[in-house]
Each structure stands twice: as C-alpha cells, then as structure tokens.
Amino acid sequence: MKRFGLFCAAMCLVAAFATACGGSNTSTQEKASGTAAATASPTATAGKTSGSAAAAAATITIASMSFGDPITASPGAKIAITNKDSVEHSVTSDTEGKFSVDVEGNAEGTLTAPTEPGEYAFHCKYHPSMHGTLTVT
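Here the structure is a predicted model, which is why all the values come from computation and not from measurement. Every chain is numbered on its own, with residues counted from 1 as its sequence reads. Selection of residues for local features in this predicted model requires a pLDDT of at least 70, selection of side-chain atom pairs for listing and counting requires 80 or more, and totals for whole chains, interfaces and linings are taken over all residues. In computing side-chain properties, one takes all heavy atoms of the structure into account and sets aside hydrogens as well as water.

K.L.:
Explain the environment of A107 here, please?
P.N.:
Put simply, DSSP marks the helices as runs of H or I at least four residues long and the strands as runs of E at least two long, and each gets a number from the N terminus on. Within the secondary structure layout, A107 lies in strand β6 (residues 107-112). On a C-alpha basis, the gap between A107 and D85 in space is 8.7 Å, while along the polypeptide they are 22 residues apart.

Following this line, the structure appears as structure tokens:
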C-alpha cells in the first residue's frame, strides 16, 4: 500500500510539473515505489513522447550486474529496459533529475530518452559499480 501511495504522490507531482511548464510532453514514468523524477513499473509504463510517437530506439539489457554496451537513441524515444538479473536495478542518470527507472528482478520497464541531444552517463542506485552511457542524437 505504501508503494501505491508513493506512486500516486509522484504522479501528482508529475502532473503539477507538466502544467507549470506549459503542458510539456516531457515523459516521466512512475514505478510503484517511485522516488525519482522518472521511474517505471516493471510491467507497465506511463508517459508520452513529445511530437510524433517515437519508435523504440534501443534496449538496455541488464545481465550479470552490467548494463552492456552504450546505447544511442533519438530525443524523446522510448527505450526498453530488460532486467535479466534476479535483483532489482535502476537506470539512473548521473545528472540528477534527468531520468531514473527502477526495474524489478527478471522484469521489464521503459524510460523516455531526454529531449536534449547529448551523452548521459547513468548508474544503478542499488549497485554503485554498475555504469552505462546513453547517447541522444
């Protein structure tokens, strides 16, 4: 029940932020225990890309406590996350507030790439030795 309450509170904050920003379509996704600006449920996602719907640009596959190779995506593209480990991981931007998606063990989630082109280093907030890179072009 605590996770549901956090989810609802986070969704309210997202709605308030989108309204305050003139209705921006910048995506945020909330996981049931969402504590960051952009998190995702392992089985369901919320959020929309700006402009036309962007196709899945890339997949982050988490396996053996690693994010794998760097990924490239278009601005605002949906990125699939597959967690093949048995433990929960996050895909959390090293730049606070850009994105943070929690994915339960042996589950899937999504995140929406930032709308600004650039290179975004990320890590797992649960396992500090895990690092990856997302390039938005």
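K.L.:
Can you walk me through the sheet that holds strand β2 (residues 71-73) in this structure?
P.N.:
What makes two strands pair is DSSP finding at least two bridges between them. Strand order in the open sheet made by the 5 strands is β2-β8-β7-β4-β5, with mixed pairing throughout. Whereas interior strands pair on both sides, the edge strands pair on one side only; in this sheet they are β2 and β5 (100-103). Taken pair by pair, the neighbouring strands of this sheet meet at an average axis angle of 25°, ignoring direction. With 6 bridges joining them, strand β7 (residues 118-123) and strand β8 (residues 131-136) adopt antiparallel strand pairing. Bridging from a neighbouring strand, G118 pairs with V136 of β8. Angles shown run from 0 to 180 degrees and are taken between the N-to-C directions of axes, each axis being a line fitted to C-alpha atoms and, for helices, limited to the stretch in contact.

K.L.:
What am I meant to see in the environment of D102 here?
P.N.:
Mapped onto the secondary structure, D102 falls in strand β5. Spatially, the C-alpha atoms of D102 and Y126 are 9.6 Å apart, while their sequence positions differ by 24 residues. Residues adjacent in sequence count toward polar contacts only when both atoms are side-chain atoms; beyond that, a polar contact is any pair of N or O atoms within 3.5 Å, and within protein one must be able to donate a hydrogen and the other to accept it. Separated by 3.2 Å, the side chains of D102 and K125 make a polar contact. Here Y126 takes part through its side chain, which lies 3.4 Å from a polar atom of the side chain of D102.

K.L.:
Explain the pairing of strand β1 (residues 58-62) to me, please; I cannot follow it from the model alone.
P.N.:
In regular strands, side chains alternate between the two faces of the sheet. The alternating pattern of β1 places A58, I60 and I62 on a buried face and T59 and T61 on a face that is not buried. Judged from the 5 bridges that link them, β1 and strand β3 (residues 78-83) form a sheet pairing that is parallel. What sits directly across from I60, in β3, is I81. Burial classes: relative accessible area under 20% of the type maximum marks a residue as buried, over 50% as exposed, and values in between as partly exposed (1.4 Å probe, protein chains only).

K.L.:
I keep staring at the packing of aromatic side chains and nothing clicks. Help me out?
P.N.:
How two aromatic rings sit relative to each other is set out by the distance from centre to centre and by the angle between their planes. For Phe, Tyr and Trp, where Trp contributes only its six-membered ring, two rings pair if their centres lie within 6.5 Å, and the inter-plane angle classes them as stacked under 30 degrees, edge-to-face over 60, or tilted in between. All told, the structure shown has 3 aromatic pairs when counted by the stated rule. Taken together, a centroid distance of 4.8 Å and an interplanar angle of 75° make the contact between F67 and F122 edge-to-face. Of this pair, F67 sits in the loop between β1 and β2 while F122 sits in strand β7, and the two are 55 residues apart along the sequence. Classification of F67 by relative accessible area gives buried; the value is 4%.

K.L.:
How should unusual backbone geometry be read in this particular structure?
P.N.:
The general pattern is negative phi for most residues beyond glycine and trans for most peptide bonds. One non-glycine residue, M65, adopts positive backbone phi at about 60°. Relative to the assigned elements, M65 resides in the loop between β1 and β2. With a phi angle near 55°, N106 is a residue other than glycine that sits in the positive phi range. In this fold, N106 is placed in the loop between β5 and β6.

K.L.:
In this structure, what is going on with the sheet that holds β3? I would like to understand it.
P.N.:
For sheets, the rule is that strands pair by backbone hydrogen bonds, running either parallel or antiparallel. Strand order across the open sheet formed by 3 strands is β1-β3-β6, with mixed pairing between neighbours. Two strands lie at the open edges of the sheet, namely β1 and β6, each paired on one side alone. Here the average twist between neighbouring strands, direction ignored, is 20°.

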